[in-house]
Amino acid sequence: MEVSDYINSAKTFAEKAAKLSQKMSQGLVDNARELGFPGSESGAQYFDTSEEKMRNIKRQLDSKNDREKLDGLKRLIAMISKGRDVSEFFPDVVKNVVSQNIEIRKLVYIFLLRYAEQEPDLALLSINSFQKDLSDKNQIIRAMALRVMSGIRVPVISPIVLLGIKKCITDPSPYVRKTAAHAIPKCYSLDSSQKEALVEIIATLLKDRSNIVIGSTIMAFNEVCPNRFDLIHPCFRKLCSMLGDCDEWGQMSILNVLIRYGRSQFLNPNPNGEDESKVQPKKKTITNNKSFYSSDDSNSDDDDTDQLDIEVIELDVDHELLLKSCIPLLQSRNSGVVLAVAKLFYYLSPASEAEKIAKPLVRILRSHREQSYVVLSNIATMSLKRPYLFESSLQQFYTQSSEPVFIRDTKLNILTTIANASNIHTLLTELQQYVKSPNKDFVAATIQAIARCATTVPTASDKCLGLLMKLLGSKNELVVAESVLVLTRLLQVPNVERSKSVIALVKLLETLKVPMARANILWLVGQYTETLPHVGPDVLRQAVKNFVNEDNITKLQILTLSAKLICLNPDHTTLNNLNQYLLNLARYDTDYDVRDRARFLRALTIPNQQEKAGLNQIKQHLKDILLSNKEPPVIESEVQNSADYNIGSLSLLAHQPLPGYEPLPDFPQEQPDTSVRNVEELEGWSGSRTVMMESGFGSDSFDQRYRSGTSTALSGVEAMGNSSMYSPSSATVKKKGNDYDLDAFYDESTDEDESSEEESEEESEEESEGSEEEETEEETDSDSSEDERLPRK
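All values derive from a computational prediction rather than experimental measurement. (Residues numbered from 1 in each chain as written. Predicted model: local features only at pLDDT ≥ 70, side-chain atom pairs only at ≥ 80, totals over all residues. Heavy atoms only, no water.)

A. Expanded view of the overall build of the protein. When helices and strands are tallied, the protein shows 37 helices and four strands. Residue burial in the protein is summarised as follows: out of 793 residues, 45% are buried. Of the contacts made within the protein by residues no fewer than 6 positions apart, 68% connect residues no fewer than 24 positions apart. When the accessible area of the protein is evaluated, it comes to approximately 43,900 Å², of which 49% is carbon and sulfur surface. (Helix = DSSP H or I, 4+ residues; strand = E, 2+ residues; numbered from the N terminus. Buried < 20%, exposed > 50% of the residue type's maximum accessible area, 1.4 Å probe, protein only. Contact = heavy atoms within 4.5 Å. Areas by Shrake-Rupley, 256 points an atom, 1.4 Å probe, with all protein chains shown as cover.)

B. How the structure looks around the environment of Ser-241. Mapped onto the elements of the fold, Ser-241 is located in helix 14 (residues 236-242). Ser-241 sits 84 residues away from Ser-325 along the chain, and the two C-alpha atoms are 6.7 Å apart. Only 2.8 Å separates the side chain of Ser-241 from the backbone oxygen of Lys-238, close enough to count as a polar contact. (Polar contact = N/O pair within 3.5 Å; in protein donor to acceptor, adjacent residues only side chain to side chain.)

C. Looking closely at the packing of helix 22 (residues 424-434) against helix 23 (residues 440-456). One way to put it is that helix 22 packs onto helix 23 with a least axis distance of 9 Å and a crossing angle of 160°. The orientation of helix 22 relative to helix 23 falls into the category roughly antiparallel. For the crossing formed where helix 22 meets helix 23, the hand is left-handed. Residues Ile-424, Leu-427, Leu-428, Leu-431 and Tyr-434 of helix 22 lie in contact with helix 23, whose contacting residues are Phe-442, Val-443, Thr-446, Ile-450 and Cys-453. Here the contact of helix 22 with helix 23 is composed, by residue class, of nine nonpolar, one polar and no charged. (Axes fitted to C-alpha atoms, helices over the stretch in contact; angles between N-to-C directions. Parallel < 35°, antiparallel > 145°, perpendicular 65-115°, else oblique. Left-handed = near helix turned anticlockwise from the far one by under 90°. Nonpolar A, V, L, I, M, F, W, Y, C, P; charged D, E, K, R; others polar.)

D. Layout of the packing of aromatic side chains. Per the counting criterion, the structure on display carries 10 aromatic pairs. Between Tyr-261 and Phe-266, the ring centres sit 6.3 Å apart and the planes meet at 85°, which makes this aromatic pair edge-to-face. Under the relative-accessibility criterion, Tyr-261 is labelled buried at 0%. Through a chain of ring-to-ring contacts, the aromatic side chains of Phe-229, Phe-236, Tyr-261 and Phe-266 assemble into a single cluster. Note that Arg-408 overlies the ring of Phe-442, its terminal NZ or CZ placed 4.5 Å from the centroid. (Phe/Tyr/Trp six-rings, centres within 6.5 Å; stacked < 30°, edge-to-face > 60°. Lys NZ or Arg CZ within 6 Å of the ring centre and 35° of its normal.)

E. Spatial organisation of the nonpolar core. One finds Ile-165, Leu-344, Leu-361 and Phe-397 to be the most contacted residues of the largest nonpolar core, which totals 201 residues. With 11 residues, helix 18 (residues 335-348) is the largest single contributor of residues to this core. Setting aside residues no more than four positions away along its own chain, Leu-344 makes contact with Leu-255, Leu-258, Ile-259, Leu-322, Leu-323, Cys-326 and Ser-349. (Core = buried A, V, L, I, M, F, W, Y, C linked by side-chain atoms within 4.5 Å.)

F. Examining the confidence of the model for the protein more closely. Confidence in the prediction for the protein averages 77 pLDDT; 75% of positions are at 70 or higher. Low pLDDT (under 50) marks residues 285-310, which in the prediction has 11 contacts with non-local residues, meaning those over four places away or in another chain. Contacts from residues 744-793, a stretch scored under 50 in pLDDT, to residues over four places away or in other chains number 19 contacts. (pLDDT = per-residue confidence, 0-100.)

G. Fine view of the packing of helix 13 (residues 211-224) against helix 15 (residues 248-265). One can describe the packing of helix 13 onto helix 15 by two numbers: an axis separation of 8 Å at closest approach and a directional angle of 50°. On the basis of their axis angle, the class for helix 13 and helix 15 is oblique. Viewed along their axes, helix 13 and helix 15 form a crossing whose handedness is left-handed. Contacts between helix 13 and helix 15 involve Ile-214, Gly-215, Ile-218, Met-219, Phe-221 and Asn-222 from the first element and Trp-249, Gly-250, Ser-253, Ile-254, Val-257 and Arg-260 from the second. Class assignment of the residues belonging to the contact of helix 13 with helix 15 gives a composition of seven nonpolar, four polar and one charged.

H. Focus on the side chain of Arg-260. One can find Arg-260 in helix 15. Apart from the residues within four sequence positions on either side, Arg-260 is in contact with Asn-222, Pro-226, Asn-227, Phe-229, Leu-664 and Pro-665.

I. Just the side chain of Ser-383, in detail. Inspection of the secondary structure assignment puts Ser-383 in helix 20 (residues 369-385). A polar atom in the side chain of Ser-383 sits 2.8 Å from the backbone oxygen of Ala-380. Look past the residues within four positions of Ser-383 in its chain and what remains in contact with it is Phe-390, Thr-417 and Ile-418.

J. Representation of the environment of Ser-210. Within the secondary structure, Ser-210 sits in the loop between helix 12 (195-205) and helix 13. For Ser-210, a relative accessible area of 0% gives the class buried. It is 6.7 Å that separates the C-alpha atoms of Ser-210 and Pro-174, two residues lying 36 residues apart in sequence.

K. Looking closely at the pattern of salt bridges. If you walk through the whole model with that rule in mind, you get 19 salt bridges. A salt bridge links Asp-208 to Arg-177; the shortest N-O distance between them is 2.5 Å. Taken together, the positions of Asp-208 in the loop between helix 12 and helix 13 and Arg-177 in helix 11 (residues 174-190) put the pair 31 residues apart, joining distant regions of the chain. Arg-177 matches Asp-208 in its accessibility class, with the two residues each being buried. For Glu-248, the salt bridge is made with Arg-333, and the minimal N-O distance between the two is 2.9 Å. (Salt bridge = Lys/Arg side-chain N within 4 Å of Asp/Glu carboxyl O.)

L. Fine view of unusual backbone geometry. Phi at His-655 takes a positive value of approximately 60°, unusual for a residue other than glycine. One can find His-655 in the loop between helix 34 (650-654) and strand 1 (690-693).

Written out as structure tokens, the structure reads:
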């Protein structure tokens, strides 16, 4: 047999083996589908084409088998999670909204939430089903029905959504009431004309004592009526007491509302401007200097002389309650909650109490770099007005080489802001190490930070100047150029003691090539022409030689230096010749700025016989124009641009007001009425009540499964609005309204103990007369509930 025959036989065998394996795999898939295995279709996808997969999913959605429907819906949800558009299956999915299988209905609701806005007409077909599901036994189904119904962005159904919200706010499940609170902003954005009805719903939900509901209600309050503080008055103290029990996102929403509420309802806790002062305020304490045995009348004059002159600010009781309620949240694991509490203390607490926020803010810096940057930006803004808050945490803001540049720059701003006379030497030692960094931008920022330290701490300005002068000898041209720029600003006010520093800068003109640095040195020489009369002419002589090869910004400063020298020495022949030669060179320069500057200075420095009267007046004040006194240098950081925005806002990070930003209101001049918060506790608000309810989270047949009498103890408020579907089978408590109150039972039992002695004689007589009647009553009432046999008042 030849080689070709062997090859042909091998190919034939391989084809037969492939066909056999394909038949076997297809047979396994078909058998698994017939047996109803849950993963049958997921395995078939490896043997089908893309079109076949779509046809299989559609066939599964139309199947009468719930398991196949569930598998098809799971495959659709998986495709949605991968970003694939499967809106073509919307009609097939909507058909299953009436399915009795809970798992199928959940997946259908998830699909509708994704595509209800794209297919509003088809989604309207399931409105009747959603309305029926609002009365379902399962609280998850009730909540998801309202959630999907409010997600359909069709203004026509806004009244139906409103009716659904009104129904769900009286639901016995806190989860459903929470979903109703989330649906309020959706309904408001759908139809703003329903605002009054939605505000009434918010007012009702604010009376809810479930910590699950209250956070979502406050979110809806912020969206619909953020300035309706009359709704907050009766529940202010309740919000303070429930603050620690809410979820993290609810805590942030409540804190933001309480900050705005406090700014409008409480007086300024720092009336003397302690919050604007950079000096740490003294703690305001009241001391009693009277001896133990002294009388009230004796030594009254001595007591008056021993009292401190510190003004004690008495805060409102509710103001103190708000601050005390927020302190435990400083230990939260959520950085947003800690930042919200820090914002509240920064704007509402006395300056002496604001120190409590320093360590918690430093603690949350040990997180992701994005969160660290947000916290650092807020710390930098706080330290502008209150640097004493973070002076004790100086080492926590030292930079590391592994940190990104934007975090290191922010830390540099904080370090220079909190610098003072006690820590400036340690700080400058640290900054010297940063100059050695290979990152050029970070080195430039460090040099600017050293200059800011010179302006922030005047006593250390000489040391900062000495450090910057040492940097002029660096081999790195960028370090030298940045040092020159900074020194120019620090030396802009002429001073005889700092003339040596200017001479050292002049010597760099021979080697320094950076145009901006050379221009700054020439401008500085012009400022010191009166202090250093022999340095200016020689610098001008050297500059004129290389004028043609200089950069445009350097040429402008050479022309200005020449005009300043002529202004001080108008009759000096050599200077006049240099000035004339320089102006002729600049007259034909390629840059129009240089030509304009030369034309302007020619009219002021070179005499002309046909001069106008106005030009003569300008020449008389030429010295004041060119050699005007400069103000002391103030080197500000980039954080200064965001100092006017609220702490914790996105506008603070963007350094500009963004849409939706509103500044905090100012404190009132007079104390508003405090009686508006004195509201009696409403019925059902007491958290001490215990209500016995037989209900399971998401259970459909709880009563059928658990008939042994076990029950779940819930607070009286979470059980408010119990419907007939959650009727308690245990009758060991007294029913009051819709609640089963154990407190009333024990109160009633104590009342009976007190009155038992008075009624003992009457009961003894009645027992003898009615013994036969009691026997008959016991027989007839043996099947009655225990609730009827409880003592009544």
